[in-house]
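Notes for the structure review
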Amino acid sequence: MDKFRPPEPLKLEGNLSENWRRWKQRFQLYMEASEANEKPEKNQCSIFLHVVGDEALEVYNTFTFTNAADKEKIQVLYEKFEEYCSPRKNVTLERHKFFTCSQGPDESIDHYVTELKNRSKSCTFGELTNSLIKDRVVCGVNNSHVRERLLRETDLDLQKAIEICRAAEQSKTHIQALSKMEEKPVYGVRKMQPRKESSQKQEIRQNDKPKQAGISRKFLCGRCDVSSPPVIGANDCERFNFVRRVMAVKNEAILSEYEDLFEGLGCFDGEHHIVIDKTVAPIVHPPRKIPFMLHDKVLAELKRMEGLGVIEKVNEPTDWVNSIVIVEKDDGRIRICLDPRDLNKAIKREHYHVPTAEEVTSDLCGATTFSKLDAKDGYWHVKLDSESSKLCTFNSPFGRYKFLRLPFG
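Residues numbered from 1 in each chain as written. Predicted model: local features only at pLDDT ≥ 70, side-chain atom pairs only at ≥ 80, totals over all residues. Heavy atoms only, no water.

Let us look at the side chain of Asp 385. Along the chain, the position of Asp 385 falls in the loop between strand E7 (383–384) and helix H16 (386–391). An unpaired buried charge is present at Asp 385: no salt bridge exists, and Lys 402, the closest side chain of opposite charge, is 9.6 Å distant. With near-sequence residues (within four places) excluded, Asp 385 lies in contact with Glu 271, His 272 and His 273. (Helix = DSSP H or I, 4+ residues; strand = E, 2+ residues; numbered from the N terminus. Buried < 20%, exposed > 50% of the residue type's maximum accessible area, 1.4 Å probe, protein only. Lys, Arg positive; Asp, Glu negative; His and termini not counted. Salt bridge = Lys/Arg side-chain N within 4 Å of Asp/Glu carboxyl O. Contact = heavy atoms within 4.5 Å.)

The structure is reproduced here in structure tokens:
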């Protein structure tokens, strides 16, 4: 007996009937393995009461026996605990649990069939047990293709249904394993062996390195997907006079000739019209709450935008009223953006071809001078017509406004 560990005490919580069934099976295996079942029944009952645990022992003390001799019969103990742990079952309810049991998403067919067999024990199916389990497997399997295959079989029994489901599971596992083994395309790259240089040349190369040589940047080649440093850097291009960087251009003649372009807010010719779908119902948003500490900044920005002719106060009814988003910049200033999520659902979009990088590069062929410009308030350079301006009406704690120029958002 010392070679085998007895089962854990019987748990009287949760599914008491299932706990008793499993504990009884483990106890009987323990008694048989340790040859304790060959001892007198009185000793077997003592081992039972010792192993069953304190809670179950208290339950035993409440049992009533027909005569004193029944206390020393192991089969009577089984029956008493069976009666306590397995009360009378509702067959209709047990059959409902059986017929509504379906295979889980990650549940194997073997585990599913085992669960069906355990549930069928309390359903009193009799000789129809295997046939009904087979029917439940066909209806409850989680793969529709496997279900179609099972329905095509004419002489389908439980064992054949299980074999078909197992084969489908194995095929799925093999396909997943093969998909992981697919190799990615490898581009051939010839690795150049570095030439050995003398210590004198190495010393000269070390001295020629620029002091500002920081992190070496690598660029990805779009033709062969190989990451490598550029052949010549920007600093070397300037040093060899390949390119010349000009930080600012001060040409008084240009500034005086185009003086209107360097003051105020620019504006493109014409007016932009926003086309909307009339079948979409307009939406009016109430003003959003703004933190009290930003009230002064928001009011000042609204006045500034009104002075620039970007927005205008609205006093008449409008079909669309949008919300606004306040964006605080790093320098403490704010930007007022439109939140047109609902309006975007009604706008009919205009489709334009966006040039690729290769097309832009080809257009720059032969150019020798390049400029970098800051397109400040670029959206505000596009003027809206009267109808489109009303679509861009927004609510604020200080009243309603409408954009006269294309809004940020």
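And the narrative resumes.
Running from N to C, helix H7 (residues 129–140) and helix H9 (residues 158–180) point in directions that differ by 30°, and their axes come no closer than 9 Å. Taken together, H7 and H9 sit at an angle that is classed as roughly parallel. Both H7 and H9 take part in a crossing whose hand is left-handed. Counted together, Asn 130, Ile 133, Lys 134 and Val 137 of H7 and Leu 158, Ala 161 and Cys 165 of H9 form the full contact between these two elements. Classifying every residue of the contact of H7 with H9 by side-chain character gives 5 nonpolar, 1 polar and 1 charged. (Axes fitted to C-alpha atoms, helices over the stretch in contact; angles between N-to-C directions. Parallel < 35°, antiparallel > 145°, perpendicular 65-115°, else oblique. Left-handed = near helix turned anticlockwise from the far one by under 90°. Nonpolar A, V, L, I, M, F, W, Y, C, P; charged D, E, K, R; others polar.)

Working definition: an aromatic ring pair is given by the centre-to-centre distance plus the angle between the planes. Counted under the stated rule, the structure contains 18 aromatic pairs. On the numbers, 5.7 Å between centres and 70° between planes, the contact of Trp 380 with Phe 408 is edge-to-face. Of the two residues, Trp 380 sits in the loop between helix H15 (357–363) and E7 while Phe 408 sits in the segment after strand E9 (399–403), which places them 28 residues apart along the sequence. Put simply, the rings of Trp 20, Trp 23, Phe 27, Phe 48, Tyr 60, Phe 63, Phe 65, Tyr 78 and Phe 81 pair up and form one aromatic cluster. Here the guanidinium or amino end of Lys 24 rests over the ring plane of Tyr 78, the centre of that ring lying 5.1 Å away. (Phe/Tyr/Trp six-rings, centres within 6.5 Å; stacked < 30°, edge-to-face > 60°. Lys NZ or Arg CZ within 6 Å of the ring centre and 35° of its normal.)

This brings us to the sheet that holds strand E8 (residues 393–396). The strand order E4-E9-E8 describes an open sheet built from 3 strands, whose pairing is antiparallel. The strands lining the two open edges of the sheet, one partner per strand, are strand E4 (311–313) and E8. With direction set aside, neighbouring strand axes in the sheet form an average angle of 35°. Here E4 pairs with E9 via 3 bridges, running antiparallel. Its bridge partner lying in E9, Ile 311 is registered against Phe 403. Along the sheet, helix H13 (residues 295–307) contacts E4, E8 and E9; its crossing angle with E4, the most-contacted strand, is approximately 105°. (Pairing = 2+ DSSP bridges.)

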